[in-house]
Amino acid sequence: MKADAAGKSAYSPDDYKDIINLPHHISSVHPQMSMESRAAQFSPFAALTGYEDAIKETGRLTEERIELEEDEMGGLDRKLRLLQERIGDRPEISVTYFRPDVRKKGGAYVTVTGRVRKIDLPGRSLVMEDGSRIAVEAVTGVEGGLFS
């Protein structure tokens, strides 16, 4: 090995001429490693498993549930009564409701559009044609041609 004018080491092909043409060693004891196993040695190591998911969850935003005013609740009640009267017509409506988050405080407002199969009075829920149930207490808005 030689040093250049700046003091850095400079290699020349002559430095390796004693080993450059040696045959590749093949073990007689250990089987040759597959390409997948060799590549796996250099895969990234995740020391903090789940940390990235925890950061995403912390940064995920939720909304607070809004309490309806007295007049808004009265309007919603009138719409639900009209829907109950006309349930046999299977009117298509859009229902906006609050869905609580299962992991943290708050939730999200969701709007679904479909046809109501029935209003389950004892269970206090709207049963949609697809079988999904929406709690009447969670409903914040109902829209559709029926209410025009």
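What you are looking at is a predicted structure, and each value in this text was computed from that prediction instead of being measured. (Residues numbered from 1 in each chain as written. Predicted model: local features only at pLDDT ≥ 70, side-chain atom pairs only at ≥ 80, totals over all residues. Heavy atoms only, no water.)

1. Here we look at the confidence of the model for the chain
- Overall, the prediction assigns the chain a mean pLDDT of 86, with 93% of residues at 70 or greater.
- Ranking the elements of the chain by mean pLDDT puts strand S1 (residues 2-3) last with 56 and strand S6 (residues 133-135) first with 94. (pLDDT = per-residue confidence, 0-100. Helix = DSSP H or I, 4+ residues; strand = E, 2+ residues; numbered from the N terminus.)

2. So, the pattern of salt bridges
- In the structure shown here, the tally under the stated rule is seven salt bridges.
- A salt bridge links Lys-79 to Glu-143; its shortest N-O distance comes to 3.1 Å. Placement of the pair is Lys-79 in helix H3 (residues 70-85) and Glu-143 in strand S7 (residues 139-144), with a sequence separation of 64 residues.
- What makes Lys-79 partly exposed here is its relative accessible area of 23%.
- For Glu-143, a relative accessible area of 48% translates into the label partly exposed. (Salt bridge = Lys/Arg side-chain N within 4 Å of Asp/Glu carboxyl O. Buried < 20%, exposed > 50% of the residue type's maximum accessible area, 1.4 Å probe, protein only.)

3. With respect to the side chain of Asp-101
- Structurally, Asp-101 can be placed in the loop between strand S3 (92-100) and strand S4 (107-120).
- Of the polar contacts made by the side chain of Asp-101, one reaches the backbone nitrogen of Arg-103; its length is 2.7 Å.
- At a separation of 3.2 Å, a polar atom in the side chain of Asp-101 contacts the main-chain amide nitrogen of Lys-104.
- Among residues more than four places away in sequence, those in contact with Asp-101 are Arg-60, Thr-62, Gly-106 and Gly-107. (Polar contact = N/O pair within 3.5 Å; in protein donor to acceptor, adjacent residues only side chain to side chain. Contact = heavy atoms within 4.5 Å.)

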